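Chain and residue survey
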Amino acid sequence: MEHSGVHTAGRGRGARRARYVTLWTLASLLLSAHLLVAQPTPADQSELNDVHFHLTNYIQEGTDIHDFLKIMGTRVGRVALFGIPLQQEWSYQNSGDFAPTYYLQTDAPLYYYSFTDAYIAMAYKSLSKEEQARFDPMITGFNPADMYAADHIRRVLQTFPGVFSGIGEFTIHKEFVSSKVAGETASLRNPALDKVLDFAGEVGLVVLIHNDMDVPFAKPGSEPAYLSQMKEVLARHRQTTVIWAHTGMGRIVRPVQGHAAALEAMLKDPQFAHVNFDISWDEVAKYLTASPESLKVSADLINRYPDRFLFGTDEVAPASQEKYLHVYEQYRPLWELLSKDASEKVRKGNYQRLFDEARRKVRAWESTNVK
């Protein structure tokens, strides 16, 4: 009996000790949860998210991603990260010993460079989990005129699960670029593009597409050359989240007459509810902030449809925060004309909403399609 009593007392002390350990563990978890909620993340503290950023340039050189994190600092929360899908050829017959680094520096062709996706994936995977949370890598190393393009995207997702959230920036019609690309010219009427957009919709990938609304030096008052074709494509893919880069503008593809009205017609139309517009690039900022009149038109449109516009820099491998945020500062007059709600959504909120949903959907697709 005495032995049993000692054994019972030992069991009692052990049970109390286990309860204390359990309570201590629970308290620790609650404290950790409180700290996670109470302490803002870099994205919470930031001024902006960037939906359009190229880590590398047209010869696949760029900023080390760890250095870029320092450039982002606390001002930038999250960034849609991609390279450039086109490589500029160095043709000795064309430029001799001069090595071109940009497509306007030579007549030699551009060609698709699929390794850019692996490079971006490995740069992302070199980061800590906390650092990775600040990036949304995008697949862009595919030829949109190739019926195998969707297979490339699938292969990248299966090779690098847990990495990518979208595709793009990829280009269909772009001044001076489209005509330089070796091989078949991309087209809005090519079924290869439909396959890409179908697959993106199936997986949940955000699509960032560059397509000029018009041709360079268009005749004033003429119908924008590619607007109706673009609308036809978008209307066929209502299950796919699309961001139209630069609202359809280019360096010399200036806002068409009635550009804001053309955008508003799409923003009003339910069949384009899945379409958003980014205002990235210093050339676009130059047009939108050119005059008090252009600023007012731009601000009024965004204030009416604050859920449909996103800020991006379109910077390429910047060396400093000043260079990186140049476009953001260009838009300072625009930020001042936007309502508080519209400004927050364009600078941050719309990005978070679209890419949080993309992360969820793509990870779910990977869970059943990646072995």
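Predicted, not measured: the structure shown is a model, and the values here were computed from it. (Residues numbered from 1 in each chain as written. Predicted model: local features only at pLDDT ≥ 70, side-chain atom pairs only at ≥ 80, totals over all residues. Heavy atoms only, no water.)

Here's the deal with the overall build of the protein
Along the protein, the regular secondary structure elements total 16 helices and 11 strands. Counting across all 371 residues of the protein, residues that qualify as buried make up 50%. (Helix = DSSP H or I, 4+ residues; strand = E, 2+ residues; numbered from the N terminus. Buried < 20%, exposed > 50% of the residue type's maximum accessible area, 1.4 Å probe, protein only.)

Notes on helix α8 (residues 191–203)
Since the α-helix advances by 3.6 residues per turn, residues separated by three or four positions end up pointing in the same direction. Over its 13 residues, α8 extends 19 Å from the first C-alpha to the last, a length consistent with the 18 Å expected when each residue adds 1.5 Å. By the burial criterion, the buried members of α8 are A192, L193, D194, V196, L197, F199, A200 and V203. Where α8 begins, one side-chain oxygen reaches toward the backbone nitrogen of A192, 2.9 Å away; that side chain belongs to N190. Positioned one or two residues after α8, G204 has a phi angle of 100°, which is positive. (Expected span 1.5 Å × (residues − 1). Polar contact = N/O pair within 3.5 Å; in protein donor to acceptor, adjacent residues only side chain to side chain.)

Thoughts on the side chain of T63
You can see T63 is positioned in the loop between β1 (48–54) and α3 (65–72). Among the residues examined, T63 registers a relative accessible area of 10% and is labelled buried. Look past the residues within four positions of T63 in its chain and what remains in contact with it is L55, F68, I71, A317 and P318. (Contact = heavy atoms within 4.5 Å.)

Description of the side chain of D214
With respect to the helices and strands, the residue D214 is situated in the loop between β7 (206–210) and α9 (227–235). Among the polar contacts made by the side chain of D214, one reaches the main-chain amide nitrogen of A225 at a distance of 3.0 Å.

Let's talk about empty space enclosed by the protein
Counted by the stated rule, this structure contains 1 cavity of 30 Å³ or more. For the largest cavity, the calculated volume is near 90 Å³. What lines the largest cavity is a set of 13 residues, and nearest its centre among them are Y112, T171, I172, V181 and A186. Tallied by class, residues from the lining of the largest cavity come to 10 nonpolar, 3 polar and no charged. (1 Å grid on protein atoms, 1.4 Å probe; cavity = no way out; pocket = protein on both sides within 12 Å on 5 of 7 lines; lining within 4 Å. Points joined across faces, edges and corners; volume = space filled by probe spheres on them. Nonpolar A, V, L, I, M, F, W, Y, C, P; charged D, E, K, R; others polar.)

A few points about the pattern of salt bridges
Considering all chains together, one arrives at 16 salt bridges under this definition. Measuring nitrogen to oxygen at the nearest pair gives 3.0 Å for the salt bridge that ties E329 to R75. Here the residue E329 occupies a position in helix α14 (residues 326–330), and R75 occupies one in the loop between α3 and β2 (76–82), the gap between them amounting to 254 residues. Residue D341 pairs with K345 through a salt bridge whose shortest N-O separation is 3.4 Å. In this pair, D341 and K345 are both assigned in helix α16 (residues 340–369), 4 residues apart and thus about one turn of the helix distant. Overall, D341 belongs to the partly exposed group, its relative accessible area being 41%. Beyond isolated ion pairs, a larger network of salt bridges with shared partners links E47, R75, E329 and R332. (Salt bridge = Lys/Arg side-chain N within 4 Å of Asp/Glu carboxyl O.)

What to know about the confidence of the model for the protein
On average, residues of the protein score 89 in pLDDT, and 88% of them reach the 70 mark or higher. For the stretch residues 1–11, pLDDT sits under 50, and the model shows 0 contacts to residues farther than four places along the chain or on other chains. The low-confidence segment residues 20–40, where pLDDT is below 50, has 1 contact with residues more than four positions distant or belonging to other chains. (pLDDT = per-residue confidence, 0-100.)

A closer look at the layout of surface pockets
Roughly 520 Å³ of volume is contained in the largest pocket. Lining the largest pocket we find 27 residues, and of these H54, Y58, Y102, D314 and V316 sit closest to its centre. Put simply, the parts of the chain that give the lining of the largest pocket at least two residues each are β6 (166–171) and β11 (315–316). Across the lining of the largest pocket, the residue classes tally to 13 nonpolar, 7 polar and 7 charged.

What to know about the packing of helix α10 (residues 259–268) against helix α12 (residues 292–304)
The contact between α10 and α12 brings their axes to 11 Å, and the two run at 5°. Compared by their axis directions, α10 and α12 come out roughly parallel. Contacts from A260, L263, E264 and L267 of α10 reach α12 at V297, L301 and R304. Class assignment for the residues of the contact of α10 with α12 results in 5 nonpolar, no polar and 2 charged. (Axes fitted to C-alpha atoms, helices over the stretch in contact; angles between N-to-C directions. Parallel < 35°, antiparallel > 145°, perpendicular 65-115°, else oblique.)

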